[in-house]
Protein chains: 4
Amino acid sequence: MTSPRPLRADAARNRARIMTAAHEQITEHGPGVSMEQIAAASGVAVGTLYKHFPNKTDLVAAVVAAAFTAVAEDAEASLQRADQGSPAITEFTGFLTRLMDVAAHNHAVKAAARDLHADHDAHPAMREVEARAAEALTRLVRAAQEQRGLRADFTVDDVYLLFSTFPADQPPAARERWLALVFTGLTAS
Amino acid sequence: MTSPRPLRADAARNRARIMTAAHEQITEHGPGVSMEQIAAASGVAVGTLYKHFPNKTDLVAAVVAAAFTAVAEDAEASLQRADQGSPAITEFTGFLTRLMDVAAHNHAVKAAARDLHADHDAHPAMREVEARAAEALTRLVRAAQEQRGLRADFTVDDVYLLFSTFPADQPPAARERWLALVFTGLTAS
Amino acid sequence: MTSPRPLRADAARNRARIMTAAHEQITEHGPGVSMEQIAAASGVAVGTLYKHFPNKTDLVAAVVAAAFTAVAEDAEASLQRADQGSPAITEFTGFLTRLMDVAAHNHAVKAAARDLHADHDAHPAMREVEARAAEALTRLVRAAQEQRGLRADFTVDDVYLLFSTFPADQPPAARERWLALVFTGLTAS
Amino acid sequence: MTSPRPLRADAARNRARIMTAAHEQITEHGPGVSMEQIAAASGVAVGTLYKHFPNKTDLVAAVVAAAFTAVAEDAEASLQRADQGSPAITEFTGFLTRLMDVAAHNHAVKAAARDLHADHDAHPAMREVEARAAEALTRLVRAAQEQRGLRADFTVDDVYLLFSTFPADQPPAARERWLALVFTGLTAS
DNA sequence: CATGAATGAGCGTTCATTCAT
DNA sequence: AATGAATGAACGCTCATTCAT
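Let us look at the structure shown here. (Residues numbered from 1 in each chain as written. Chains lettered and ligands numbered in written order. Predicted model: local features only at pLDDT ≥ 70, side-chain atom pairs only at ≥ 80, totals over all residues. Heavy atoms only, no water.)

1. Notes on the overall build of chain A
- Tallying secondary structure elements over chain A gives 9 helices and 0 strands in all.
- The C-alpha extent of chain A, read off along each of the three principal axes, is 55 × 40 × 25 Å.
- Burial status across chain A gives 44% buried among its 189 residues.
- Taking contacts inside chain A between residues at least 6 apart in sequence as the whole, the part at least 24 apart equals 68%.
- Carbon and sulfur atoms form 54% of the exposed surface of chain A, whose accessible area is close to 9800 Å². (Helix = DSSP H or I, 4+ residues; strand = E, 2+ residues; numbered from the N terminus. Buried < 20%, exposed > 50% of the residue type's maximum accessible area, 1.4 Å probe, protein only. Contact = heavy atoms within 4.5 Å. Areas by Shrake-Rupley, 256 points an atom, 1.4 Å probe, with all protein chains shown as cover.)

2. Re helix α4 (residues 56–83) of chain A
All names here are of chain A.
- A rise of 1.5 Å per residue sets the reference length of α4, with its 28 residues, at 40 Å; its end C-alpha atoms lie 41 Å apart and thus fit the reference within 8%.
- The largest bend along α4 reaches roughly 25 degrees and is located at Phe68.
- Once α4 finishes, Gly85 follows within two positions and takes phi at roughly 115 degrees, a positive value. (Expected span 1.5 Å × (residues − 1). Bend = angle between axes of the 7 residues up to and from the residue.)

3. Concerning the side chain of His52 of chain D
All names here are of chain D.
- Examined against the element boundaries, His52 turns out to sit in helix α3 (residues 46–52).
- Judged by its relative accessible area of 16%, His52 is buried.
- Aside from chain neighbours lying at most four places away, what touches His52 is Ala11, Asn14, Arg15 and Ile18.

4. Let's talk about the protein's contact with DNA strand F
- Neighbouring residues of DNA strand F: 33 residues in total, closest Asn14 and Thr48 of chain A, Met35 of chain B, Thr48 of chain C together with Lys56 of chain D.
- Expressed as a percentage, the sugar and phosphate content of the atoms of DNA strand F within 4 Å of the protein is 70%.
- One of the backbone N or O atoms of Met35 of chain B is found 2.7 Å from a phosphate oxygen in DNA strand F.
- Between DNA strand F and Asn14 of chain C, the relevant distance is 3.0 Å, taken from a phosphate oxygen to a side-chain nitrogen or oxygen of the residue.
- A per-class count over the surface near DNA strand F returns 14 nonpolar, 12 polar and 7 charged. (Near = heavy atom within 4 Å. Polar contact = N/O pair within 3.5 Å; in protein donor to acceptor, adjacent residues only side chain to side chain. Nonpolar A, V, L, I, M, F, W, Y, C, P; charged D, E, K, R; others polar.)

5. Some remarks on the protein's contact with DNA strand E
- Contacts to DNA strand E come from 32 residues, most closely from Lys56 of chain A, Thr48 of chain B together with Asn14, Thr48 and His52 of chain D.
- Here, DNA strand E places atoms within 4 Å of the protein, and 70% of those atoms are sugar or phosphate.
- Gly47 of chain B is positioned such that a nitrogen or oxygen atom in its backbone is 3.3 Å from a base nitrogen of DNA strand E.
- Residue His52 of chain D places a side-chain N or O atom 2.7 Å away from a phosphate oxygen belonging to DNA strand E.
- Sorting elements by how many residues they give to the surface near DNA strand E places α3 of chain D first, with 5 residues.
- By residue class, the composition of the surface near DNA strand E is 14 nonpolar, 11 polar and 7 charged.

The following block contains the structure:
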């Protein structure tokens, strides 16, 4: 569905190398890295980048989407555990904490995501992964509210809001302090 | 020490025009505006920009610092009102709210400040204005805590943390929601 | 000699599809269309284009030559009608008018032909179709001259000259005006 | 009027060198020459080209316009001679002949002009020089018609039409033949 | 002091062509 | 014979910065 044709083996390998290299380069040098540099780090020529991704924005979006896939999967696993009896609020705060960890370890990728802001839905892979996460989180949030652990007016959009404002580029102490401050306001009154 | 020579009248006028124009241009077009464009908006030539500011970063830092001066003054005024009997917590949340308003109306400048991140202390004007604000805020925070309105572990650094993560570039509804979530966690337990 | 091997059935089919697609793409997007796009429109891969035509120039030349085949056939039909009693001058001006029509409807192909200018004889197919047209036109011109309708010094080269300067890319009114101006000078004195 | 400020001496010199080099390079390699190559031939860096001309199209248009200035002046001189008693038809055909000569010696520039086709009025310098030529030619055409030398329905637009279709890139013999054919149709009936 | 012309490395992107599969 | 991934030089253009005037 995502791939009309299954992509030749060598092309798939190159695509993976490009994504990996792009992730590394963005992490190391920020979303401003040049395509040329990503190409060099991938061990391919620029043209190959453009063969796989129509333009730089699309490549960056693919990197961001890939990074978010793990998050979506984490959300789904958390929901499943909650469905199987684990306290929903525990699962939810656990998910949030891990989400912030991911953000902290990928803060340049997060910055890239922010640069995409306006059209973050214009990228298919992004839309898909967001939908997955939203689906799981909606249910996890609801469960946590029903168990009286999470404030009643909390929504999935709030997760995005908190995530998007998490100080991923600051030192661990600051990140933890921020979480502490914010978490205080999340519990049910 | 900060000013080896008191600056000739016309030079001072030029400097002011540059700062004003730079603020406007950054606000309108983001921190990426070219020096050429700022120069044009200032009514001077690029060379003059470089006469006043060794490089673009320094100019942007000066603009950011200037924008923060109003904030420092607001902090001082709030403190003064608290000293004269106004409830410290009211003054503090009032200050915070106005701070977020300023951020929202200058979010491109705030973005510029963020781009400076690493060395935001490397710029003298920045250090100075931060010191003024910190001085006033420290006392305001302490007062609010003594009056049992603000959580006991709150510090001035937390103000920076909250300010730096405020979603200034998002629509009003999101900004207000963020404030609501965060403020919940600030009151004394 | 022109065809060392008679070309396998599927290869012949592919070649035809490529030529058709190339004609369409050139007509629609000009001679600058990329080989990739022509390949896509042909339903084959680029490699196949290069299998049939050593390089882009050769493909474009083949398209141009093919387009000229209809012209050569028109010339031959006109000559035949003249041989069978139709006034030669009528046939000749009729041919010229249709030639200009063809040019107008294929002006991007004509532009492609012009880009080839220098070596328009370097391409076998081109030489062949030109020879066919020249053969018929020489006799048609002679007949028209003998019947005193066409100026005595007119030659087949003049046909090329007029054709190559016909303003095919201009609006109909301009094309008609050009024809009117030029035709005035063609009748026998 | 064309120049709000009279341009510094060194800048004017560079501008002239750029125009000269651009003319030469276009003449030698066609309108497709790269800006880099024109810059090298000018003895300046690319940035300087862009300082003087916002983009390649504008530079090419300036070269074309400059080349046409001589034509406009020729038209004006021809008109003046006609006003002073020289037969208008002689002046007109003389002008046309010289125009074709210029085109022949600058055929790559003429090709460049053709590439500009759609927006050849979008370039101020072009508009101005066209207006000058049109003014003089309108009167010269009228005079030639009143003296019964030029066909009565001839217009200035016809001059453009003939000029734009003149086979400037063909050998002298072809060019002369074309002129001969076309001129036959211009005399008054 | 101010000017603004000049620099030139760098960027994103395109595309004819090659060659391993 | 066909595929299509990969190449990489080339292009138009930008912009922080320098320095002769």
